[in-house]
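These are the residues of each chain, in order.
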Amino acid sequence: MKSKYCFEYSPEIETLLDNAVKSIRAEIESGEEAENIKFVVLGGGYGRGEGGVRIEGGKPPRIYNDLDFFVIAKDSADPRKIDSFFKKISKEWTEKLGVDVDFGPAATATYIQKRLHMLMWREMVLAGNVIFGDSESFKKTFALNADAPLPQCEIFKLLFNRYYGLFLASLKLSAKELNESERDFVARNINKAVLAAGDALVFDSLEFKFSSADKLEALKSLDYPPAAQDIAKAYEDALKFKRNPDCSADAKILSERLKSAKRLCVGVLDFMFSRKTAKETPWQKLKNLRKNLKSAKYFAKLPVPRPLFGSPAISMLRALKKFLSEETIPDKAQIEAVKNIWKTIN
């Protein structure tokens, strides 16, 4: 039987998530902001039908990933009131399910329609797991060419966010003996970075693949870069973790995985830099300038030129490449600078 939420069907998880979605929908319908909300969509792994199920010994299966919801408001709505409303639901269901249940900031359909080139919104539309609102109306509202190539700037943003996680995992692994939660953090971020590296190569080939299975097949067919087949194997291994997360590996095994992932991710990044051809529009340059000025004091601490009109994500990737390749060992000030830039430009 095929699961609506996970790679593999688990009756316990299916019932749990069905009941959670049903109850959340009921709370929205009876809430004070119901008339101001157009759609609520389950995104992330469980929205795509690619959520993880954690199985440990004889224990009942558990959900592993966060639940991420998109909130689409009516044009006349006050997004602050809607966000406040969902903040309460988020807290309630995070406590009930034991994973983060996040509702993104309310956005109007008009706002999203202008940004369907962005990976986040494109995946929301393609997942289309509408838990509140009419699903047919949702499809008509967000008509999308699913095969359209993803802009390079979106590929670099994806890499920046996932390589930042790899950077944090590297810091955590080098700091001390890890407890179970910390091992989970390291393992999860290693695998996310590997998956992002593989996704980047697929998207760069001008094919937008939505499912992980399609991405893996596309990776296996690539004959570039030279290590493409090694990347495909690492991607396949990362998908196994995503399907059934196993955080039992000790620090030694995690260190080996981290070393391999850093080498692979740096290689993909070098390749992507060599492929960068897209020119930024004047509007993008102005947006970059604003973010770069906010981050200027932090960029001054990093071993890369300070950007002005260029993409801050790409400048950060150049810094992360130095740290991940161990060309430069970050000091305390540089670590804090990386964290502050990530907060500022995300």
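Residues numbered from 1 in each chain as written. Predicted model: local features only at pLDDT ≥ 70, side-chain atom pairs only at ≥ 80, totals over all residues. Heavy atoms only, no water.

## Some points on the overall build of the protein chain
Keep this limit in mind: Secondary structure counts use DSSP, requiring at least four H or I residues in a row for a helix and at least two E residues in a row for a strand, with both numbered from the N terminus. Radius of gyration means the value over C-alpha atoms here, while the globule rule gives 2.2 Å times the residue count to the 0.38 power. Residue exposure (1.4 Å probe, protein chains only): buried if accessible area is under 20% of the type maximum, exposed if over 50%, otherwise partly exposed. Note on contacts: a residue pair qualifies if any of its non-hydrogen atoms lie within 4.5 Å across the two residues. Residue exposure ignores everything except the shown protein chains as possible cover, and the areas themselves are Shrake-Rupley values with a 1.4 Å probe. The charge count treats Lys and Arg as positive and Asp and Glu as negative. His and the chain ends do not count. A charge is said to be at NZ when it belongs to Lys, at CZ for Arg, at CG for Asp and at CD for Glu.
Tallying secondary structure elements over the protein chain gives 14 helices and 7 strands in all. Over its C-alpha atoms the protein chain spans a radius of gyration of 21 Å, differing by no more than 12% from the 20 Å that the globule rule assigns to 346 residues. Here the protein chain holds 346 residues, and the buried ones make up 47% of them. Look at the contacts in the protein chain between residues 6 or more apart in sequence, and 72% of them connect residues 24 or more apart. If you sum the accessible surface of the protein chain, you get close to 17,500 Å²; carbon and sulfur atoms cover 51% of it. Here the protein chain contributes 57 positive and 47 negative side-chain charges, whose respective centroids are spaced 6 Å apart.

## Some remarks on the nonpolar core
What counts is decided by this rule: The set of buried Ala, Val, Leu, Ile, Met, Phe, Trp, Tyr and Cys residues whose side-chain atoms join them within 4.5 Å is what this entry labels a nonpolar core.
Of all hydrophobic cores here, the largest spans 101 residues; its most connected members are I28, L67, F86, Y163 and L302. Membership of the second largest hydrophobic core comes to 15 residues, among which are F39, A109, I112 and W121.

## Side note on a positive patch on the surface
Cut-off, in case you're wondering: A patch is a set of surface residues, each over 30% in relative accessible area and not in a salt bridge, joined within 9 Å for like charges and within 5 Å for the nonpolar side chains Val, Leu, Ile, Met, Phe, Trp and Tyr. When a carboxyl oxygen of Asp or Glu is within 4 Å of a side-chain nitrogen of Lys or Arg, the pair counts as a salt bridge.
On the surface, K276, K279, K285 and R318 cluster together to form a positively charged patch. Here K285 shows up in helix α12 (residues 282–299). A residue is classified by how much of its surface remains accessible, and K285, at 38% relative accessible area, is partly exposed.

## Focus: unusual backbone geometry
Cis geometry is adopted by the peptide bond preceding P225, which originates at Y224 and carries an omega value of -10°. Structurally, P225 is set in the loop between α9 (212–221) and α10 (228–243). Backbone geometry places E326, a non-glycine residue, at a positive phi of 65°. On the secondary structure map, E326 appears in the loop between α13 (312–324) and α14 (332–345).

## Notes on the packing of aromatic side chains
This is how it is decided: In summary, the pairing rule links any two rings of Phe, Tyr or Trp, Trp by its six-membered ring, whose centres are within 6.5 Å, and it sorts them by plane angle into stacked for under 30 degrees, edge-to-face for over 60 and tilted for everything else.
Summed over all chains, the structure comprises 14 aromatic pairs. Summarising the aromatic geometry, the rings of Y64 and F241 are spaced 6.2 Å apart at their centres and angled 85° between planes, so their arrangement reads as edge-to-face. Residue Y64 is located in the loop between β3 (62–63) and β4 (67–73), and its partner F241 is located in helix α10; the two are separated by 177 residues in the primary sequence. On the basis of relative accessible area, Y64 is assigned to the buried category, the value being 11%. On the basis of relative accessible area, F241 is assigned to the buried category, the value being 10%.

## A closer look at the environment of S174
Put simply, the test is: Between N or O atoms, a polar contact is any pair within 3.5 Å; within protein, one atom must be a potential hydrogen donor and the other a potential acceptor, and residues adjacent in sequence are included only when both atoms are from side chains.
Inspection of the secondary structure assignment puts S174 in helix α7 (residues 152–175). Taking the C-alpha atoms as reference, S174 lies 8.7 Å from S255; in sequence the two are 81 residues apart. In terms of polar contacts, S174 uses its side chain to reach the backbone carbonyl oxygen of L171, at 3.0 Å.

## Structural notes on the confidence of the model for the protein chain
Spelled out, the test is: Residue-level confidence of the predictor is summarised by pLDDT, bounded by 0 at the bottom and 100 at the top.
Looking at the protein chain, the pLDDT average stands at 93 and 100% of residues meet or exceed 70. When pLDDT is averaged over each element of the protein chain, strand β1 (residues 37–42) comes out on top at 98 and strand β2 (residues 53–54) at the bottom at 90.

## Some words on helix α8 (residues 180–204)
We count it as follows: One fewer than the residue count of a helix, multiplied by 1.5 Å, yields its expected span.
For α8, which comprises 25 residues, the first-to-last C-alpha distance of 36 Å matches the rise-based estimate of 36 Å (1.5 Å per residue) to within 8%. Among the 25 residues of α8, 19 are classified as buried, and the element is accordingly described as predominantly covered. Looking at where α8 begins, the residue whose side-chain oxygen comes 3.1 Å from the main-chain nitrogen of S181 is N179. Directly beyond the C-terminal end of α8, a positive phi value near 70° is found at L206.

## A look at the pairing of β1
Put simply, the rule reads: Following DSSP output, two strands are said to pair if at least two bridges run between them.
Burial analysis of β1 places 5 of its 6 residues in the buried class, the great majority of the element. With 5 bridges connecting them, β1 and β4 associate as antiparallel partners. Across the sheet, the residue bridging to I37 is A73, located in β4. With 3 bridges joining them, β1 and strand β7 (residues 129–132) adopt antiparallel strand pairing. From the neighbouring strand, V41 faces β7, where its bridge partner is V130.

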